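The primary structure of each chain is shown beneath.
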Amino acid sequence: MFESLAEMLSLAEAENQPLHAIVIAREAETTGRSREEVWAAMARRLQVMRQSAEEGLSRPVRSLSGMTGGDAYRLWQWLAAGHEPVTGPILSRAIARAMAVNEVNAGMGCIVATPTAGSAGILPGVLLTLQEAYGFSDDDLVNALFTASGVGAVIARRASIAGAAGGCQAETGSAAAMAAAAGVELLGGSPHQSAHAVAITLKNMLGLVCDPVAGLVEVPCIKRNAAGAAQCFIAIDLALAGVKSVIPPDEVIDAMGRIGRRMDPRFKETAEGGLAATPTGRRLARMIWSHSEDQRDRKPEGQRDAASTNAPTTE
Amino acid sequence: MTKRAISAFDIIGPIMVGPSSSHTAGAVRLGRLGRAILGAQPQRAILGLHGSFARTGRGHGTDRALVAGLLGMATDDPRIRESLDLARAAGMEVIFREVDLGEDAHPNSVMMTLQAGDQEVEVVGASVGGGMVEIRAVNGYPISFTGEHEALLVVAEDRPGTIHVITGLFLDYELNIAFSRVERRHRGGEAIQLFETDDAIPDELVAALEDFYWVYWARRIPRIIE
């Protein structure tokens, strides 16, 4: 889509357009689809994001493994009971939504991978909460998602958005950076301020490893989505106040990519390092996988038995 | 591998049932492509899980996801959770195995041996990240496609003029070929041909192709990625 944030910025400047407009135009141009089609596809994603956040806040959602769940609901109820969060009324709700979406994901519910399933809570958490706090329309949010996708495409192109390739910095770091650019645009910042928000977010999340317990998208992923929302808000406020990243945004993205490539494989989604390798992490993994091994032995056998009555088997 | 520009919907998407874009959404898409290559709902499916698919697949629902795809579901279908039961109810026999496809195989790979009636195909596919997938072999032939384009798969006798005839049919139906590939084992044997197109391939074109005696079978593979 774009080679660099610099390319996005110069296009936006040359055409005197906001970032979302140049992303929509580029998407329509490269895919041969009409702007209306492209727009409708993104609007549908916003609806799924909203549903997933609402689902995760409406009841305690448990994960498939049983290891996690219900924390977004717990926080939401705590807020509803009138407690005053130190993170304030906006960030605390963004955190709850971000975790809600990731819990729905871990429960095999429907989400939008943004950019991945493991980091799917950050954009809905940030954008839906900004909408609630500032009264943005759904159309504003769809625009914001295009801005986010343009930033994500540059990160995917120059670095990575996959935990297996670049660690958690590439997943929740990218998601938070995308949300920061989108948030700055929503709140009236310039394209340059969006780019600096990307740089500030990513800088604050460099080196973050991907160390999921039992290899599942649960621990620490769910809480890392909360952390990503918080990092995003820090960068939005800094950028809107005119704070700039000393290191230019594209160079920060490149640094993230280099760190990811040099990161020990134990910290890249293999579940062999970090939290996954703690005594408790290993114990949980053994518990979950031994249970799952039992199921594996049962299920195919059951299927084979059922099938043997009406179908020949060459086993 | 088919190269194309990154789309906004590679980044914001897919819309999917969790928990993992590679182990769940990608697995659904691989199953769905397997079903399309067979050309029918399998009556019997042997799913050989390789690498990370075998190691951590269960906890990510990879087994249910592959079967959901074989049943024709998309990545956002809420019935993915119940796909093993649905397969049983639909009379689809499913057998899971652990396989070693070698060091060169992608860690998230599956070998699907699918059978319906007298048709059987063996498809090797990989989930390459973010829900993106790649079919890497059909019936032992190395071939590569991703479900991002409409495709026509033709298994035919290796003889002169086959591509001329096939592309002639494309011209008749005013279809533009985006990518094409031909693989064969040995001269005069069986050749596998893949054509990816920008627009939908009409069923009549596939039927017309199958009327040629040198065409063993031809299959339209619909685009499965938005």
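Residues numbered from 1 in each chain as written. Chains lettered and ligands numbered in written order. Predicted model: local features only at pLDDT ≥ 70, side-chain atom pairs only at ≥ 80, totals over all residues. Heavy atoms only, no water.

J.: Quick one: what's the story with the overall build of chain B, residue by residue and with numbers?
T.: The number of helices and strands found in chain B is seven helices and 11 strands. Computed over its C-alpha atoms, the radius of gyration of chain B comes to 17 Å, within 12% of the 17 Å expected for a compact globule of 226 residues. On the principal axes, the C-alpha backbone points of chain B span a range of 50 × 40 × 35 Å. Across the 226 residues of chain B, 59% fall into the buried class. Residue pairs at least 24 apart in sequence account for 69% of intrachain contacts in chain B once pairs closer than 6 positions are excluded. As presented, chain B carries roughly 8,700 Å² of accessible surface, and 46% of it is formed by carbon and sulfur atoms. Computed over 22 positive and 31 negative side-chain charges, the separation of the two mean positions in chain B equals 5 Å. (Helix = DSSP H or I, 4+ residues; strand = E, 2+ residues; numbered from the N terminus. Rg over C-alpha atoms; globule rule 2.2 N^0.38 Å. Buried < 20%, exposed > 50% of the residue type's maximum accessible area, 1.4 Å probe, protein only. Contact = heavy atoms within 4.5 Å. Areas by Shrake-Rupley, 256 points an atom, 1.4 Å probe, with all protein chains shown as cover. Lys, Arg positive; Asp, Glu negative; His and termini not counted. Charge placed at Lys NZ, Arg CZ, Asp CG, Glu CD.)

J.: Give a detailed account of the overall build of chain A, specifying residues and quantitative values.
T.: The secondary structure content of chain A amounts to 13 helices and one strand. Along chain A, helices and strands appear, N-terminal first, in the series α-α-α-α-α-β-α-α-α-α-α-α-α-α. The C-alpha atoms of chain A give 21 Å as radius of gyration, which agrees with the globular expectation for 315 residues (20 Å, within 12%). Buried positions account for 56% of the 315 residues belonging to chain A. Sequence separation of 24 or more characterises 73% of the internal contacts of chain A that already satisfy a separation of 6 or more.

J.: Please give an account of a nonpolar patch on the surface that cites residues and values.
T.: All names here are of chain A. A cluster of nonpolar side chains, namely I234, L238 and V243, defines an oily patch on the protein surface of about 210 Å² accessible area. With respect to the helices and strands, the residue L238 is situated in helix α11 (residues 221-240). A relative accessible area of 33% places L238 in the partly exposed class. (Patch = residues over 30% accessible without salt bridge, like charges linked within 9 Å, V, L, I, M, F, W, Y side chains within 5 Å. Salt bridge = Lys/Arg side-chain N within 4 Å of Asp/Glu carboxyl O.)

J.: Just give me the short version of the environment of B:G147, but keep the residues and values in it.
T.: All names here are of chain B. Examined against the element boundaries, G147 turns out to sit in the loop between β7 (141-145) and β8 (150-157). A relative accessible area of 0% means that G147 is categorised as buried. The spatial distance from the C-alpha of G147 to the C-alpha of L86 is 24 Å, given a sequence separation of 61 residues. Leave out the neighbours within four places in its chain, and G147 touches L33, R223, I224 and I225.

J.: An account of the sheet that holds β8(B) is requested, with residue identities and associated values reported.
T.: All names here are of chain B. Spatial strand order, β9-β10-β8-β11: four strands in an open sheet with antiparallel pairing. At either margin of the open sheet sits one strand with a lone partner, and together these are β9 (177-184) and β11 (215-221). The average angle at which neighbouring strand axes cross in this sheet is 10°, direction not considered. Pairing geometry for β8 and strand β10 (residues 190-197), over eight bridges, is antiparallel. Residue pairing in the sheet places A156 in a bridge with A191 of β10. Sitting on the sheet, helix α2 (residues 21-38) is in contact with β8 and β11, with an inclination near 140° to β11. Against the sheet, helix α7 (residues 203-210) touches β8 and β11, its axis set at about 170° to β11. (Pairing = 2+ DSSP bridges. Axes fitted to C-alpha atoms, helices over the stretch in contact; angles between N-to-C directions.)

J.: Tell me about the interface of chain B and chain A, and name the residues and values.
T.: Counting from both sides, the interface comprises 39 residues of chain B and, opposite them, 52 residues of chain A. By the criterion of area lost to chain A, the three top residues of chain B are B:F9, B:I11 and B:I12, representing 18% of everything that side buries. Summed over the shared surface of chain B and chain A, the result is one salt bridge. Inspection of the chain B/chain A interface yields 11 residue pairs in polar contact (both at pLDDT 80 or more). For the side of chain B that touches chain A, the leading source of residues is strand β3 (residues 93-98) of chain B, giving six residues. Here the side of chain B that touches chain A is composed, by residue class, of 18 nonpolar, 10 polar and 11 charged. (Buried area = accessible area lost by both parts, 1.4 Å probe. Polar contact = N/O pair within 3.5 Å; in protein donor to acceptor, adjacent residues only side chain to side chain. Nonpolar A, V, L, I, M, F, W, Y, C, P; charged D, E, K, R; others polar.)

J.: I'd like to hear about the packing of helix α1 (residues 5-14) of chain A against helix α2 (residues 19-31) of chain A, residue by residue, with values.
T.: In a packed pair of helices, the relevant descriptors are the angle between the two axes and the axis-to-axis distance. Residue and element names in this part refer to chain A. Look at α1 against α2: their axes get within 9 Å of each other, and the N-to-C directions meet at 105°. Of the possible angle classes, the one that applies to α1 and α2 is roughly perpendicular. Along its contact with α1, which presents E7, M8, L9, L11 and A12, the element α2 presents L19, I22, V23 and R26. Looking at the contact of α1 with α2 residue by residue, the classes come out as seven nonpolar, no polar and two charged. (Parallel < 35°, antiparallel > 145°, perpendicular 65-115°, else oblique.)

J.: Tell me about the pattern of salt bridges, residues and numbers included.
T.: Taken as a whole, this structure holds 19 salt bridges over all chains when the rule is applied. In this structure, B:D85 and B:R88 form a salt bridge, with 3.4 Å as the shortest nitrogen-oxygen distance. Pair noted here: B:D85 and B:R88 are both in helix α5 (residues 83-89), with a separation of three residues, about one helical turn. Relative accessible area serves as the criterion here: at 49%, B:D85 is assigned to the partly exposed category. In this structure, the salt-bridge partner of B:R136 is B:E134, at a minimum N-O distance of 3.2 Å. Residues joined by salt bridges that share partners form a network here, namely A:R93, A:R97 and A:E132.

J.: Kindly report on the sheet that holds strand β5 (residues 119-129) of chain B, identifying the contributing residues and their values.
T.: Residue and element names in this part refer to chain B. Spatial ordering of the open sheet is given by β3-β2-β4-β5-β6-β7, a layout of six strands whose pairing is mixed. A strand with exactly one partner marks an edge of an open sheet, and here the two such strands are β3 and β7. Across the sheet, the mean angle separating the axes of adjacent strands is 25° when strand polarity is ignored. In terms of strand pairing, strand β6 (residues 132-138) meets β7 through three bridges, oriented antiparallel. Following the sheet pairing, I135 is matched in β7 by F145.

J.: Outline the pairing of β10(B), listing residues and values.
T.: All names here are of chain B. In terms of burial, β10 is a largely internal element, seven of the eight residues being buried. With seven bridges joining them, β9 and β10 adopt antiparallel strand pairing. Opposite V182, over in β10, you have Q193 as the bridge partner.

J.: Give me the lowdown on the confidence of the model for chain B, citing residues and values where you can.
T.: Residue and element names in this part refer to chain B. Put simply, chain B has an average pLDDT of 91, and 98% of its residues get 70 or more. Within chain B, the lowest mean pLDDT, 83, falls on helix α3 (residues 52-56), and the highest, 97, falls on α5. For this predicted complex, the interface confidence comes out at an ipTM of 0.90, alongside a pTM of 0.87. (pLDDT = per-residue confidence, 0-100.)

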